[in-house]
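# What the coordinates show
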Amino acid sequence: MTDPHSFNPSRLPSTGGRSDTRLDHYVDSYAQRTHKMTASAVRSLFSVANRPEVVSLAGGMPNIADLPLGKVGNLLDELIQRDGARIMQYGSGQGELQIREQICEVMAEEQIRAHPDDVVITAGSQQGLDLVTRIFCDPDDVVLVEAPSYVGALGTFKSYQTQISHVAMDDQGLDPDALRQVVTSLRDQGRRVKFLYTIPNFNNPAGITQPTERRREILQVAEDLDLLIVEDNPYGLLTIDGEPLPAMRSMETDRVIYLGSFSKTFAPGFRVGWVLAPHAVREKLVLAQESATLCPPVFSQFAISEYLAKHDWRGQIRQYRDMYRERRDAMLQGLTENMPQGTTWTHPTGGFFVWVTLPQGVDSQKMLPRAVTARVAYVPGDAFFADGFGSRHMRLSYCFPTPERIIEGTRRLGEVIADEMRI
Ligand code: PMP
């Protein structure tokens, strides 16, 4: 009897005596879901977009240049001196109570009333997405998403072999009538629709926000159709014009699973996000979290907890808002000045992104090499659709470059689009 745990090279996939020229010798061994995993368009653009001569309007990295690093360093230093042994230990699978209590205060900014028992800490909201999909979705289940939707969520849903169905948006976000029609028609075909994934604030990539009344209408459809909603809200507090709107979760507690994150309101490197879920779902999430990581990153949780307790985090968010407002204004000004006739774009009131619709006949994917040669980068629209749509669109981010570089980027882009229209 061979030991099932011992490594046996003869069990590696056979090449049938051929000299195998494939790059990946394990290609026949992967699980089916692994074949659904592809590098995101954003990631494959990274090396090009990061060249200094290129104005990158592609990446969505938060701009944390203004974080008071000296102060954060002192806080962490004190924390380690005081509590080092505890904060470098394993912790609770649900996350530390102390930070879960503080997260309830953060969520109150968007009128959510929650109990710390219903919060599960995750390694960024990306892991929240993974855990939610893991506990709800079998292969071929349907997940509904906006058209367009966050590329990282599409990747997660695909990796669990779900079917992704897009629901149309208008200038107020997800269209409730379209939602009703899509769900009804899918159910008539015998499909299992597991949840609607929505980004109500400053949708990534569309830059569109659902007004409060629209949120109510979507919740009403969900109620009528007994549909679960996953509300992803990493940008909600980064409103540029006006005050944050009430979250969907503040209007409905039993039907909404809410995902939050410190990546944009503080810093992404700590990898701390959270899920607020109805009680029964929360228990399943903790089990899934324990099997994925034992516990979410303990050091990071205490670091963020210290930051929230000792730093004026609301003031920091106001500073971030001012910085992004300046960049958003530069982007809108640059687009107005430089885009050729027939190009349209959204007007975000927060977040990081503008969604551009190109003139008829211009394909954003095909145009990209020409744009990079002209030293400007963007993300082609088809990355944000699971069904190949989106070639007339592109996502532009204003979060990272300086206002001057943003305007220069739109100038370069305008020339590239105009050239493309002449071809
Ligand atoms: N959701 C959306 C809509 C995002 O844009 C992002 C980050 N780009 C995430 C989730 C993941 O964020 P994190 O894991 O850093 O919290």
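The following paragraphs examine the structure supplied in this document. Please read all numbers here as calculations on a predicted model, not as lab measurements. (Residues numbered from 1 in each chain as written. Predicted model: local features only at pLDDT ≥ 70, side-chain atom pairs only at ≥ 80, totals over all residues.)

### What about the overall build of the protein chain?
Threshold: In this text, helices come from DSSP runs of H or I with a minimum length of four residues, and strands from runs of E with a minimum of two, each type numbered from the N-terminal end. Here exposure depends only on C-beta density: within 10 Å of a residue's C-beta, 20 or more other C-beta atoms make it buried, 12 or fewer make it exposed, and intermediate numbers make it partly exposed, the C-beta atoms being placed from the backbone. With C-beta atoms placed from the backbone, a contact is any residue pair whose C-beta atoms sit within 7 Å.
Counting its regular elements, the protein chain contains 14 helices and 15 strands. Burial status across the protein chain gives 43% buried among its 423 residues. Long-range pairs, those at least 24 residues apart, make up 75% of the contacts in the protein chain with a sequence separation of at least 6.

### Thoughts on the sheet that holds strand β15 (residues 393-397)
Counted only if it meets this: For two strands to pair, DSSP has to find at least two bridges joining them.
Taken together, 4 strands build an open sheet; the order of strands is β11-β12-β15-β14 and the sheet is antiparallel. The sheet is open, and its two edges are formed by β11 (344-345) and β14 (379-380), each paired on a single side.

### Quick look at the pairing of strand β7 (residues 193-198)
The condition that has to hold: Note on handedness: a crossover is taken as right-handed if, strands pointing away from the viewer, the path from the first strand over the helix to the second is clockwise.
Extensive coverage of β7 is indicated by the burial of 6 of its 6 residues. Pairing geometry for strand β3 (residues 142-146) and β7, over 4 bridges, is parallel. The partner of Val142 across the bridge, within β7, is Val193. Taken together, the 3 bridges between β7 and strand β8 (residues 229-232) define a ladder with parallel strand orientation. Across the sheet, the residue bridging to Thr198 is Glu231, located in β8. For the crossover from β7 across helix α8 (residues 212-225) to β8, the handedness is right-handed.

### Topic: the environment of Lys310
Within the fold, Lys310 resides in helix α11 (residues 298-310). Separated by 239 residues in the primary sequence, Lys310 and Lys71 have C-alpha atoms spaced 9.8 Å apart.

### Here's the deal with the sheet that holds strand β2 (residues 119-122)
Hydrogen bonds along the backbone pair up the strands of a sheet, which may run parallel or antiparallel. Put simply, the rule reads: Note on definitions: angles span 0 to 180 degrees between N-to-C directions of axes, and those axes are lines fitted to C-alpha atoms, for helices only across the stretch in contact.
Strand order in this open sheet of 7 strands is β2-β10-β9-β8-β7-β3-β4, and the pairing throughout is mixed. Here the strands that pair on one side only, and so sit at the sheet edges, are β2 and β4 (163-167). With direction set aside, neighbouring strand axes in the sheet form an average angle of 20°. Where β3 and β4 come together, 5 bridges link them in parallel fashion. Following the sheet pairing, Val145 is matched in β4 by His166.

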